[in-house]
Amino acid sequence: MSGDLIHGGALDVMRSAYPNAPDPWIDLSTGINPWPYPDQAISEAALAHLPTRSAYEGCRQAMATSIGAPPDSLLPAPGSELLIRLLPDVIRPSRVAILSLTYGDHAIAWARAGSDIIHSDDPLSLAEDVDAIVLTHPNNPDGRLFDLQALEEARLTLAAKGGWLILDEAYADLTPDCSFASKGGEAGLIVLRSFGKFFGLAGLRLGAVLAPERVRQPLSERLGVWPISGSALEIGARAYADHDWQIQTRQALSHAADRLDTILKEGGLTVVGGTSLFRFVDVDKAHDAFEHLAQSGIYVRRFEGSDRHLRIGLPATPEAEARLKAALRLLG
């Protein structure tokens, strides 16, 4: 599988594969906020010294307060991707139900650990039959949300037999009301959080897991003494404490998503899902559409198993919006 099909964000692969595409490239492939948190100052101490325990605790407390989680349930980590890889070594469920269309690394991690994977459009209905259910919530790539009462009922069913409801809340900062963070630490629940997508600073590698102590402790041992850089702790603490910026950003992203909807619909694409950071669209011959956009220097997310769908992130500037609009006009 080529690099662009795995996660998006592989601009080096795209530049090599499409050398005649116009510069600058417009990367709409990742679903990361194109207007990152602005206060990115880093102290000299953050770079020159090992991260301190007080900096770690300050970031942890700010994160817990921001997302409404019990602080003692939250273990910060260098991004949620690493946690996805480590979890199978800690809880080891035999049968894992995963939403059929979702972030692909979950299935990869559980399959590598030897779990029996069941792909389902309705994994919550399998709570009686499996040891774990894995959902991305809101879902990536289609933005699907699940009923909170149905999630709670599945958690209780799984917890009663020592199982787990695992919620990847990488995009939950967009819609806080859908989050289970307030239940952090309860039996049968593991919640993964990501900093980089909503705050637009994916390179900092910051995230967290909310889970009972018997999950947090072995994960903490695997992460080591200094799991997060001093720069990530400093910027993360400020960003999570900046509630005004978060409120304004949710509004700005919603407006930008509305503008993107207009561009996509005028270009003949049907929006069938998404979040305010990306839209999931239906289009005939999606891989051909991907190629056309790539030749125009526009990088979107395609899917190996579907020739009908693309995921398209937010253009960062009016110029990028105009280039996308022009490219879609030619596609039509």
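Residues numbered from 1 in each chain as written. Predicted model: local features only at pLDDT ≥ 70, side-chain atom pairs only at ≥ 80, totals over all residues. Heavy atoms only, no water.

A closer look at the pattern of salt bridges
Here's step 1: Evaluated as defined, the whole model comprises 19 salt bridges.
Here's step 2: With its nearest N and O atoms 3.7 Å apart, the salt bridge here joins Lys 183 to Glu 152. Residue Lys 183 is located in the loop between strand S6 (164-169) and strand S7 (189-194), and its partner Glu 152 is located in helix H7 (residues 148-160); the two are separated by 31 residues in the primary sequence.
Here's step 3: Residue Glu 152 is classed as buried on the basis of its relative accessible area, which comes to 13%.
Here's step 4: With a closest N to O distance of 2.7 Å, Asp 284 and Arg 308 form a salt bridge. (Salt bridge = Lys/Arg side-chain N within 4 Å of Asp/Glu carboxyl O. Helix = DSSP H or I, 4+ residues; strand = E, 2+ residues; numbered from the N terminus. Buried < 20%, exposed > 50% of the residue type's maximum accessible area, 1.4 Å probe, protein only.)

Looking at the environment of Leu 148
Here's step 1: Among the secondary structure elements, Leu 148 is positioned in helix H7.
Here's step 2: For Leu 148 and Phe 280, which are 132 residues apart along the polypeptide, the C-alpha to C-alpha distance reads 23 Å.
Here's step 3: Setting aside anything within four residues of it in sequence, one finds Leu 148 in contact with His 137, Asp 177, Cys 178 and Phe 180. (Contact = heavy atoms within 4.5 Å.)

What to know about the sheet that holds S7
Here's step 1: The mixed open sheet is built from seven strands, whose spatial order is S2-S8-S7-S6-S5-S3-S4. The open sheet has two free edges, formed respectively by strand S2 (74-77) and strand S4 (116-120), since each of these has just one partner strand. Neighbouring strand axes in the sheet, compared pairwise and without regard to direction, differ in orientation by 20 degrees on average.
Here's step 2: Relative to S4, strand S3 (residues 95-99) runs parallel, the two being bridged by five bridges. Its bridge partner being in S4, Ile 98 is matched across the sheet by His 119.
Here's step 3: Against the sheet, helix H4 (residues 53-67) makes contact with S2, S7 and strand S8 (207-210), and its axis sits at roughly 120 degrees relative to S2, the strand it touches most. (Pairing = 2+ DSSP bridges. Axes fitted to C-alpha atoms, helices over the stretch in contact; angles between N-to-C directions.)

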